[in-house]
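Secondary and tertiary structure notes
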Amino acid sequence: MGAEVLLCGWLLAPDERWIRGGALQVERGRVARVLASPRAVARARRAGARVRDLGEALVAPGFVDAHAHLELTFLTGALKPGLPFGAWVREVVARRAAVGRSVLERAVETGARELLRHGTTTVGDIDTTGASARALVRTPLRHVLFREVLDAYDPLRTHAALRSVSRALAPRARRVEGLSPHAPFTTSLALLAGLAPIARRRELAVSIHWSETEAEVDWLERGAGPLAPLLGPSPRRAGLELLRDAGLLGRRTSLVHGNHPRRGEPEALARAGATLIHCPGCHAWFGREPFPLARYRKAGVRIALGTDSSASNDTLDPRAELARFARLHPSVPTREVWRMATIDAAAALGLADLIGTLAPGRAADFVAFDTPRGAPSFDELVHARPAVRAVWIAGREVDLEPRT
Ligand SMILES: [Zn+2]
């Protein structure tokens with residue numbers, strides 16, 4: 001297929017400028033050129049490119065959802081916001097065990113469709129049951145599939161967990177795969193240390209729930225708190241220390257939540273080049289204390305946003321997450337908030353050289369939004385939740401209302 005040029009009302013260029021009447025030249029699923037003038041468009045047309053006029057649309061890179069559990073979409077609206085975390089976990093585990101494989105696969109597809117409709121073009125999805133691995137390939141959504149692994153500190157489960165994850169991974173390293181040791185309080189140091197060389201050898205992105213609740217931190221560090229009677233002997237080490245000792249703390253690692261960082265931990269994350277993923281909707285759903293954003297920003301930690309899941313969020317709409325986050329953290333420039341859901345989320349998934357901006361050579365993953373009155377701005381994009389008109393992934397327009 002030859003080149004296609006998409007004429008935009010406004011185009012968000014890779015250098016974060018807004019180009020009135022800009023255009024994207026797309027070839028073989030990638031952005032070949034950003035055309036900034038009518039003369040450049042005319043030249044491309046003379047060279048044989050098909051030109052399509054998107055009218056008054058504002059075109060920007062698609063959103064990247066850095067952390068989701070799409071298989072939990074079957075629990076949309078099922079659980080009461082504000083449920084204590086322990087009760088929530090028990091409820092989710094029981095309900096997931098009670099439904100069949102087809103329900104979970106359908107949930108993944110429904111969740112993926114919802115993300116697409118709201119302008120998300122890539123997701124980092126945690127696959128607990130195998131449903132995502134089977135179902136996501138049936139959707140156009142670009143994804144990194146994080147295989148979840150845990151052993152609940154039971155040595156009998158450690159080897160089985162390692163064997164099953166090795167078997168599940170494709171024979172050759174593929175960019176669509178990643179690993180998710182569930183969390184330091186459910187994944188022993190032996191298992192973490194066994195996973196690190198697999199991740200290193202195959203250059204896999206790694207995503208780990210970390211420091212979500214004070215209870216897990218208390219148990220890990222001191223064997224104390226409400227989890228102590230449920231979990232057995234504690235390693236008496238901080239979760240971040242365990243991850244570092246296992247060799248799992250690096251540039252391809254993202255830590256999810258980080259609601260209770262101890263002194264020095266944000267700095268350790270920054271030194272390692274790891275990403276912190278914050279899920280604003282989930283944070284609000286559980287009624288948590290204010291997220292310690294200032295400490296991570298001061299330390300220079302890269303921050304990305306995720307939706308988490310329909311079992312702990314009222315929406316999978318990245319525009320709602322951006323607006324909520326910006327409202328709660330008004331001192332953060334909206335340009336930075338936008339990056340958290342695009343280029344920084346791409347880095348969290350190990351895809352910074354592929355998605356997140358529309359620079360030449362990157363994937364042609366983009367969204368046409370309703371164009372605002374007057375000149376566009378990051379304030380407008382982040383606060384005004386512009387309507388999604390159309391979505392492209394790898395240069396192909398996605399059917400947003402497919403018949404199933
Ligand atoms: Zn999660």
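Our structure is the block above this text.
Just so it is clear, the model here is predicted, and its values are computed rather than measured. (Residues numbered from 1 in each chain as written. Predicted model: local features only at pLDDT ≥ 70, side-chain atom pairs only at ≥ 80, totals over all residues.)

**A short note on the packing of helix α6 (residues 189-202) against helix α9 (residues 239-246)**
- Where α6 meets α9, the closest approach of the two axes is 8 Å, and the angle between their N-to-C directions is 40 degrees. Taken together, the axes of α6 and α9 lie oblique to each other. For the pair α6 and α9, the sense of crossing is right-handed. Between α6, through Leu 189, Leu 192, Ala 193 and Ala 196, and α9, the contact on the second element is made entirely by Leu 242, Leu 243, Asp 245 and Ala 246.
- Split by residue class, the contact of α6 with α9 holds 7 nonpolar, no polar and 1 charged. (Axes fitted to C-alpha atoms, helices over the stretch in contact; angles between N-to-C directions. Helix = DSSP H or I, 4+ residues; strand = E, 2+ residues; numbered from the N terminus. Parallel < 35°, antiparallel > 145°, perpendicular 65-115°, else oblique. Left-handed = near helix turned anticlockwise from the far one by under 90°. Contact = placed C-beta atoms within 7 Å. Nonpolar A, V, L, I, M, F, W, Y, C, P; charged D, E, K, R; others polar.)

**Digging into the packing of helix α5 (residues 155-168) against α6**
- Viewed as axis vectors pointing N to C, α5 and α6 meet at an angle of 20 degrees, and their least axial separation amounts to 9 Å. When the axes of α5 and α6 are compared, the pair comes out roughly parallel. Taken as a pair, α5 and α6 cross one another with a handedness that is right-handed. Only Ala 190, Leu 191, Gly 194 and Ile 198 of α6 make contact with α5, whose side of the interface consists of Thr 158, Ala 161, Leu 162 and Ser 166.
- Looking at the contact of α5 with α6 residue by residue, the class counts come to 5 nonpolar, 3 polar and no charged.

**A look at unusual backbone geometry**
- One non-glycine residue, Glu 16, adopts positive backbone phi at about 70 degrees.
- Here Glu 16 shows up in the loop between β2 (10-12) and β3 (18-20).
- Located in the positive-phi region is Arg 385, a residue other than glycine, with phi close to 45 degrees.
- Relative to the elements of secondary structure, Arg 385 occurs in the loop between α16 (378-383) and β17 (388-393).
- When the 17 C-beta atoms within 10 Å are taken as the criterion, Arg 385 is described as partly exposed. (Buried ≥ 20, exposed ≤ 12 C-beta atoms within 10 Å, placed from the backbone.)

**Remarks on the environment of Ser 309**
- By secondary structure assignment, the location of Ser 309 is in the loop between β15 (302-305) and α13 (318-328).
- Between the C-alpha atom of Ser 309 and that of Cys 279, which follows or precedes it by 30 residues, the distance is 9.4 Å.
- Beyond its immediate sequence surroundings of up to four residues, Ser 309 is in contact with Ala 68, His 69 and Leu 72.

**A short note on the pairing of strand β12 (residues 205-210)**
- Most of β12 sits out of view: 6 of its 6 residues are buried.
- Going residue by residue along β12, you find Ala 205, Ser 207 and His 209 tucked away on one face and Val 206, Ile 208 and Trp 210 tucked away on the opposite face as well.
- As paired elements, strand β11 (residues 177-181) and β12 share 2 bridges and run parallel to each other. Bridging from a neighbouring strand, Leu 179 pairs with Val 206 of β12.
- For the crossover from β11 across α6 to β12, the handedness is right-handed.
- Taken together, the 5 bridges between β12 and strand β13 (residues 253-257) define a ladder with parallel strand orientation. In the strand pairing of β13, Ile 208 is matched with Leu 255. (Pairing = 2+ DSSP bridges. Right-handed = clockwise from strand over helix to strand, strands pointing away.)

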